[in-house]
Amino acid sequence: MNRRNFIKTGVLGALIAASPVSISALGEPARKTGKSGRLNLSFAPYELQLRHAFNLARSQRTTTPDVQVQIEFDGVIGYGEASMPPYLGESVASVTEFLGKLDLSQFSDPFRIEDIHEYMESVAPNNRAAKAAVDIALHDLTGKIMGQPWYKIWGLNPETTPNTSFTISYDANPEEMRKKIEETAPYKVVKVKMGLDHDKEIVEAFRKYSDVPICVDANQGWNDRNKALEMCHWLAERNCLFVEQPMDKSAIDDTAWLRERSPLPIIADEFLQRLPDVKRAAQAYDGINIKLMKSTGMHEAYQMATLARALGMKVMLGCMTETSCAVSAASQLAPLVDWADLDGNLLIANDIFDGMKIIDGKVTIPDRPGIGVIPV
Ligand code: MG
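Small disclaimer: the values here were computed from a predicted structure and weren't measured.

1. A closer look at the sheet that holds strand 8 (residues 189-193)
- Across the sheet, which stays open at both edges, the eight strands sit in the order 7-8-9-10-11-12-13-14 with parallel pairing between neighbours. Each end of this open sheet is capped by a strand with a single partner; those strands are strand 7 (165-168) and strand 14 (339-340).
- Both strand 13 (residues 314-318) and strand 14 contribute to a ladder of two bridges, which runs parallel. In the strand pairing of strand 14, Met316 is matched with Trp339.
- Its contacts with the sheet place helix 7 (residues 225-236) against strand 9 (214-217), strand 10 (240-244) and strand 11 (266-268), and it is angled at close to 155 degrees to strand 10.

2. Some words on empty space enclosed by the protein
- Under the defined criterion, the tally for this structure stands at three cavities of 30 Å³ or more.
- In this structure, the largest cavity encloses a volume near 200 Å³.
- What lines the largest cavity is a set of 20 residues, among which Phe54, Lys193, Lys291, Cys319 and Met320 lie closest to the centre.
- For the lining of the largest cavity, a count of residues per class yields seven nonpolar, four polar and nine charged.
- Put simply, the second largest cavity is a space of about 140 Å³.
- Surrounding the second largest cavity, 12 residues form its lining, His52, Phe54, Thr167, Ser169 and Leu347 being those nearest its centre.
- Elements with a minimum of two residues in the lining of the second largest cavity: strand 3 (48-55) and strand 7.
- Residue composition of the lining of the second largest cavity, grouped by class: six nonpolar, three polar and three charged.

3. Focus: the packing of helix 2 (residues 113-123) against helix 3 (residues 128-146)
- Two numbers describe how helix 2 lies on helix 3: the axes approach to 11 Å, and their chain directions differ by 165 degrees. Classified by the angle between their axes, helix 2 and helix 3 sit roughly antiparallel to one another. Note that helix 2 runs across helix 3; the crossing there is right-handed. Packed against helix 2, whose contacting residues are Ile113, Ile116, His117, Met120 and Glu121, the element helix 3 presents Lys131, Val134, Asp135, Leu138, His139 and Thr142 at the interface.
- Its residues assigned to classes, the contact of helix 2 with helix 3 shows five nonpolar, three polar and three charged.

4. Some words on the confidence of the model for the protein chain
- Summary statistics for the protein chain give a mean pLDDT of 90 and a share of 90% for residues scoring 70 or more.
- With pLDDT under 50 throughout, residues 9-25 is counted as low confidence; its partners more than four residues away or in other chains account for 30 contacts.

Criteria and thresholds
- Residues numbered from 1 in each chain as written.
- Predicted model: local features only at pLDDT ≥ 70, side-chain atom pairs only at ≥ 80, totals over all residues.
- Heavy atoms only, no water.
- Pairing = 2+ DSSP bridges.
- Helix = DSSP H or I, 4+ residues; strand = E, 2+ residues; numbered from the N terminus.
- Contact = heavy atoms within 4.5 Å.
- Axes fitted to C-alpha atoms, helices over the stretch in contact; angles between N-to-C directions.
- 1 Å grid on protein atoms, 1.4 Å probe; cavity = no way out; pocket = protein on both sides within 12 Å on 5 of 7 lines; lining within 4 Å.
- Points joined across faces, edges and corners; volume = space filled by probe spheres on them.
- Nonpolar A, V, L, I, M, F, W, Y, C, P; charged D, E, K, R; others polar.
- Parallel < 35°, antiparallel > 145°, perpendicular 65-115°, else oblique.
- Left-handed = near helix turned anticlockwise from the far one by under 90°.
- pLDDT = per-residue confidence, 0-100.

Right, here's the structure in full:
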């Protein structure tokens, strides 16, 4: 791999949106030119190719914009990643602009993760995926320096990870739909994307093929609370575990109404992003879906999981379409959660890391230090 095009921050950072690099150009940052005893940040855009077009309640797409990040400290490299599905409001341009503003060389201790988050908040609000990329790279770096994976540093038991769900969405072509359903065979839980016009048809097609539990993500697609309640009852009779984001994130009263009556747990996804949102979610939802690209990374995701559990809520760990880099970072938290939806790396055709594996349907955390990835 070629190291030349991996852009270091500073003046060049601003240029990066105009000259995105290809996968063949992604590589190691220039270690020898980085200041020793200081954190050296570099980054490069990388477009993720989806194996199937994503049909969501409100959009369709075949690629996901992404930025790969590296932080080097005294010859050790931490890997991080920002994935930007369009509905989150971040882009390659906004992420590279944010990263270009950061001066991590002011830090001489990569373990000052709290200070670095505070600094990032002072540089700009929002930019959650960009902050997550830095956070993931810092966790990878510090874990490597300690020689331990993060699940161990957090004191978690890797044998208690849940099964991951694998996602299918509706396809009008019956042959394509059949292929999508067959691809779910290795998984113990299947996540069905709903909120379109074919919600019951997908479940009926799937149930002809398999009786494994499903979970449902309506992606805010049900706009009537009575219809949502009817769907929850219908799904409860078809071995469904929970329903994620049934109605619009702003429909708090209707969601609370639904939660009171639903036989299935109601989980917040689009409704919440970061730690302060967890308490708010408790008013209307039974649980939360934590994703590193929303939470600004592993540091706050761990706090969110801990708070949600203390509030008696269910915790789900999700992801975007991402390489194994961000998915493996998320997997470090998997022993803390009730349900995992860590299939983002399986949904892309151009992964560039080896890391977390799904073995017999179960999230299996790599036995390597840091976030547990190696570039392939
Ligand atoms: Mg969701």
